[in-house]
Amino acid sequence: MVETKSKALGYLGLARRGGRIAVGEEPCGAACRSSHARLLIVAEDAGDHTFRRARSFARTGKPLVLTVPFSKEELGSALGLNACALAALTDAPLALAFVEALGEPERHQAILETLRTQTARIEKRRKEEKAHRNNVRRGKK
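Fair warning: this is a prediction, and the values are worked out from it, not measured in the lab. (Residues numbered from 1 in each chain as written. Predicted model: local features only at pLDDT ≥ 70, side-chain atom pairs only at ≥ 80, totals over all residues. Heavy atoms only, no water.)

J.: If you had to explain the overall build of the protein chain to someone new, which residues and values would you point to?
T.: The secondary structure content of the protein chain amounts to six helices and four strands. When its helices and strands are written in sequence order, the protein chain yields α-β-α-β-α-β-α-β-α-α. Along the first, second and third principal axes, the C-alpha set of the protein chain runs to 60 × 35 × 30 Å. Per-residue burial for the protein chain yields a buried fraction of 40% across its 141 residues. In the protein chain, the proportion of contacts linking residues at least 24 apart, taken out of those at least 6 apart, comes to 77%. When the accessible surface of the protein chain is split by element, carbon and sulfur atoms take 49% of a total near 8,300 Å². Taking the average place of the 26 positive charges on the side chains of the protein chain and the average place of its 16 negative ones, the gap between the two points comes to 11 Å. (Helix = DSSP H or I, 4+ residues; strand = E, 2+ residues; numbered from the N terminus. Buried < 20%, exposed > 50% of the residue type's maximum accessible area, 1.4 Å probe, protein only. Contact = heavy atoms within 4.5 Å. Areas by Shrake-Rupley, 256 points an atom, 1.4 Å probe, with all protein chains shown as cover. Lys, Arg positive; Asp, Glu negative; His and termini not counted. Charge placed at Lys NZ, Arg CZ, Asp CG, Glu CD.)

Okay, here's the thing in structure tokens:
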């Protein structure tokens with residue numbers, strides 16, 4: 001369990017260094033309203049107001065909402081902050097890796113399925129863009 005927790009928290013640190021996460025209520029709200037948020041993460045010991053705000057953000061931008069088994073302090077330390085109750089991952093493959101690292105696949109089945117679909121679409125789009133760049137550069141054969 002400890003190894004699983006540290007691996008999942010490591011993905012959050014990676015997302016922070018890569019600029020693929022919004023941290024806090026206002027940045028998360030902006031990411032949800034602009035439809036960039038893929039997964040909204042709420043700490044297990046967050047207040048009722050934070051849960052209400054997360055549900056409100058989920059209605060506006062349609063991100064997936066997940067309450068994680070981490071305290072605000074654990075999330076904050078993984079992100080280089082004192083505490084963090086709300087964060088939004090904006091990269092679908094990274095969000096998928098985070099949810100898979102949490103373990104308990106039967107509990108998060110719907111979220112995993114949605115993220116797998118989004119990730120497959122993104123990979124297909126990237127391959128098509130790469131093929132298009134090669135065709136423009138070299139001419140289609």
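On we go.
J.: Explain the state of the cysteines to me, using residue names and the numbers behind them.
T.: Structurally, a disulfide amounts to a covalent bond that connects the sulfur atoms of two cysteines. The full count for this structure, using the stated rule, is zero disulfides. You can see cysteine 28 has no disulfide; the closest cysteine sulfur is in cysteine 32, sitting 6.4 Å from it. Classification of cysteine 28 by relative accessible area gives buried; the value is 0%. Note on cysteine 84: no disulfide assigned, nearest cysteine sulfur contributed by cysteine 28 at a separation of 7.0 Å. Note on cysteine 84: relative accessible area 3%, which makes it buried. (Disulfide = S-S within 2.5 Å.)

J.: Describe a positive patch on the surface, with residues and values.
T.: A cluster of basic residues, Lys130, Arg133, Arg137 and Arg138, forms a positive patch on the protein surface. Among the residues examined, arginine 137 registers a relative accessible area of 58% and is labelled exposed. (Patch = residues over 30% accessible without salt bridge, like charges linked within 9 Å, V, L, I, M, F, W, Y side chains within 5 Å. Salt bridge = Lys/Arg side-chain N within 4 Å of Asp/Glu carboxyl O.)

J.: Now, about the pairing of strand β3 (residues 64–68): what can you tell me, with residues and values included?
T.: Of the two faces of β3, only one is covered, namely that formed by Leu64, Leu66 and Val68; the face formed by Val65 and Thr67 stays uncovered. Inspection of the sheet shows strand β2 (residues 39–43) paired to β3 by five bridges, in the parallel sense. Bridging across to β3, leucine 39 finds its partner in leucine 64. (Pairing = 2+ DSSP bridges.)

J.: Describe in detail the packing of helix α5 (residues 92–102) against helix α6 (residues 109–138), supporting the description with residues and values.
T.: Two elements in contact, α5 and α6, have axes whose closest approach is 8 Å; the angle formed by their N-to-C orientations is 150°. Crossing hand, α5 versus α6: left-handed. Packed against α5, whose contacting residues are Ala92, Pro93, Ala95, Leu96, Val99 and Glu100, the element α6 presents Ile111, Leu112, Leu115, Arg116, Gln118, Thr119 and Ile122 at the interface. Broken down by class, the residue content of the contact of α5 with α6 amounts to nine nonpolar, two polar and two charged. (Axes fitted to C-alpha atoms, helices over the stretch in contact; angles between N-to-C directions. Left-handed = near helix turned anticlockwise from the far one by under 90°. Nonpolar A, V, L, I, M, F, W, Y, C, P; charged D, E, K, R; others polar.)

J.: Would you mind going over the packing of helix α2 (residues 25–33) against helix α3 (residues 48–61) in detail, with residue names and values included?
T.: At their nearest, the axes of α2 and α3 sit 8 Å apart, and the two run at 20° to each other. Comparing their axes, α3 and α2 come out roughly parallel. By crossing handedness, the relation of α2 to α3 is classed as right-handed. The segment α2 lies against α3, with Glu25, Glu26, Cys28, Gly29, Cys32 and Arg33 engaging His49, Thr50, Arg53, Phe57, Thr60 and Gly61. Split into classes, the residues belonging to the contact of α2 with α3 amount to three nonpolar, five polar and four charged. (Parallel < 35°, antiparallel > 145°, perpendicular 65-115°, else oblique.)

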